[in-house]
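Per-entry structural report
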Amino acid sequence: MPRLTSAQVKDLPKEDALIILPIGATEQHGPHLPVYTDTILVETVLNEAFQHLSKEENIWTLPAIPFGKSDEHMDRPGTFSFSFDTLKSILLDLSRGVQANGFRKLLLFNGHGGNIDTLKLVARQVKIETGLMVFIINVGGLTIPESIIPEEEMFMGIHGGDYETSLIMSSYPEWVHEDKLPTEVPKLAEMSKYLRFQKGNFAWTINDVSESGILGNAKLATKEKGDALYWEHGKELASCILDILEFEICKVLGDSMIQETEAGKVK
């Protein structure tokens, strides 16, 4: 969308359009990955998805927000974080802009795990306030085949491990310091059967769980894995986007569920 003129944006058909707002982060990713990793991932996976979509589809992206809620990494150099209130305000303001421009659907495409809870809270508020249909897709929520990343690594390798390192090796190999690939796996599984990073059921900062600033085994990473992951993620994201294009929340209720009240009775 930034390439269009004001007049071109005005003339876009709005009824069947989808606006995508990519949201990343700028935060430490250990001694081997750039602090821009999460923003790289959200932009590159989205670009890969467009390789699986027709240019005729009425889909438009806004510029990526390169900062997120990264306060769990604030004690490490290279981290620049929004507060919850700041990120919430930015998302609300941009969503109001989407509505003011006449669009009906907004996809928040997120590349940073620390943003997820904020996005969930804001999405509903945007829906109530503006009437927009709001959707959330997280890069980390896309399918990761075990044939590419081992199950054990995906269980704990949530930050700067095999998965993220492989992806950056594929997209920006010159930004990966391969002579400094770390390995650090916390003992969470040994300590608790219930508490898990993926469930978000306990509060933590990176200093609580890691010395190196990563969680996982970056030494397992390869460019070939990253290539395969981008292909898989691009196909899946494209499928999700097409599904969202067809979705109308007003149809969820369904004709058979319409209830009419007459004389105190529900028909």
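See the structure printed just above.
This write-up is about the structure you can find in this document. Within any chain, residue numbers begin from 1 and follow the written order of that chain's sequence. At least 70 in pLDDT is required for a residue's local features to be given in this predicted model, at least 80 for side-chain atom pairs to be given and counted, and no such filter applies to totals for whole chains, interfaces and linings, which use all residues. In computing side-chain properties, one takes all heavy atoms of the structure into account and sets aside hydrogens as well as water.

The four strands lie next to each other as β2-β1-β3-β4, forming an open sheet whose pairing is parallel. Either end of the sheet is taken by a strand with one partner, and the two such strands are β2 (59–61) and β4 (133–138). For this sheet the average axis-to-axis angle between neighbouring strands, irrespective of direction, equals 25 degrees. Where strand β1 (residues 18–23) meets β2, three bridges bridge the pair, whose relative direction is parallel. When the bridges of β2 are listed, Leu-18 appears paired with Ile-59. Residues count as neighbours in contact if any of their non-hydrogen atoms are within 4.5 Å of one another. Every angle, taken between N-to-C directions, lies between 0 and 180 degrees, and every axis is a line fitted to C-alpha atoms, over only the stretch in contact when it is a helix. Helix and strand definitions here come from DSSP, where helices need a minimum of 4 consecutive H or I residues and strands a minimum of 2 consecutive E residues; each element is numbered from the N-terminal end. Here helix α3 (residues 84–100) sits on the sheet in contact with β1 and β3 (105–110), set at roughly 160 degrees to β1. Helix α9 (residues 223–246) contacts β1, β2, β3 and β4 of the sheet and is inclined by roughly 160 degrees relative to β3. We treat two strands as partners when DSSP finds at least two bridges between them.

We now examine the layout of surface pockets. Grid points spaced at 1 Å over the protein atoms alone were grouped into cavities, where a 1.4 Å probe fits but cannot get out, and pockets, open sets with protein on both sides within 12 Å along at least five of seven lines, with lining residues defined by an atom within 4 Å of a point. Grid points are joined across faces, edges and corners, and a volume is the space filled by probe spheres set on the points. Each pocket or cavity is described by its volume, and for the largest pocket that value is around 1100 Å³. Gly-113, Gly-114, Ile-116, Ile-158 and Phe-197 are the residues nearest the centre of the largest pocket, which is lined by 35 residues in total. Elements with a minimum of two residues in the lining of the largest pocket: α2 (37–50), α4 (116–130) and α6 (162–171). By residue number, the principal contributor to the lining of the largest pocket is α4, which donates four residues. When residues are sorted by character, Ala, Val, Leu, Ile, Met, Phe, Trp, Tyr, Cys and Pro go into the nonpolar class, Asp, Glu, Lys and Arg into the charged class, and all the rest, Gly among them, into the polar class. When the residues that make up the lining of the largest pocket are grouped by side-chain class, the tally is 12 nonpolar, 14 polar and nine charged. The computed volume of the second largest pocket comes to approximately 650 Å³. Around the second largest pocket, the lining comprises 20 residues; the ones closest to its centre are Met-1, Arg-3, Phe-50, Ile-59 and Thr-61. Here the lining of the second largest pocket is composed, by residue class, of 12 nonpolar, four polar and four charged.

Where burial is concerned, most of β3 is hidden: six out of the six residues are buried. Here β3 shows no split at all, with Lys-105, Leu-107 and Phe-109 on one side and Leu-106, Leu-108 and Asn-110 on the other all buried. When β1 meets β3, the two strands line up parallel, connected through five bridges. Within the sheet, the bridge partner assigned to Ile-20 lies in β3 and is Leu-107. With its strands directed away from the observer, a crossover is right-handed exactly when the path from the first strand over the helix to the second travels clockwise. With α4 bridging β3 and its parallel neighbour β4, the resulting β-α-β unit is right-handed. Relative accessibility under 20% of the residue-type maximum defines a buried residue, over 50% an exposed one, and the middle range a partly exposed one, all with a 1.4 Å probe and only protein chains included.

By the criterion of burial, β4 is predominantly enclosed, with five of the six residues buried. In terms of strand pairing, β3 meets β4 through six bridges, oriented parallel. Bridged to Asn-110 within β4 is Asn-138.

Let us now look at the packing of aromatic side chains. Pairing of aromatic rings covers Phe, Tyr and Trp, the last through its six-membered ring, and needs centres within 6.5 Å; plane angles under 30 degrees mean stacked, over 60 mean edge-to-face, and all others mean tilted. For the coordinates displayed, the defined rule picks out five aromatic pairs. Look at Phe-135 and Phe-247: their rings are 5.8 Å apart centre to centre, the planes differ by 85 degrees, and that puts the pair in the edge-to-face class. In this pair, Phe-135 is assigned in strand β4 and Phe-247 in the loop between α9 and β7 (261–262), connecting sequence segments 112 residues apart. Their ring planes at 75 degrees and their centres at 5.2 Å tell us that Phe-197 and Trp-204 sit as a pair that is edge-to-face. A residue is classified by how much of its surface remains accessible, and Phe-197, at 9% relative accessible area, is buried. These aromatic residues form a ring-pair network of at least three members: Phe-197, Phe-202 and Trp-204. Two conditions define a charge sitting above a ring: the NZ of Lys or the CZ of Arg must be within 6 Å of the ring centre, and it must be within 35 degrees of the ring normal. Over the ring of Phe-103 we find Lys-14, and its NZ or CZ is 5.4 Å from the ring centre.

Any functional reading would require information beyond the geometric quantities listed.
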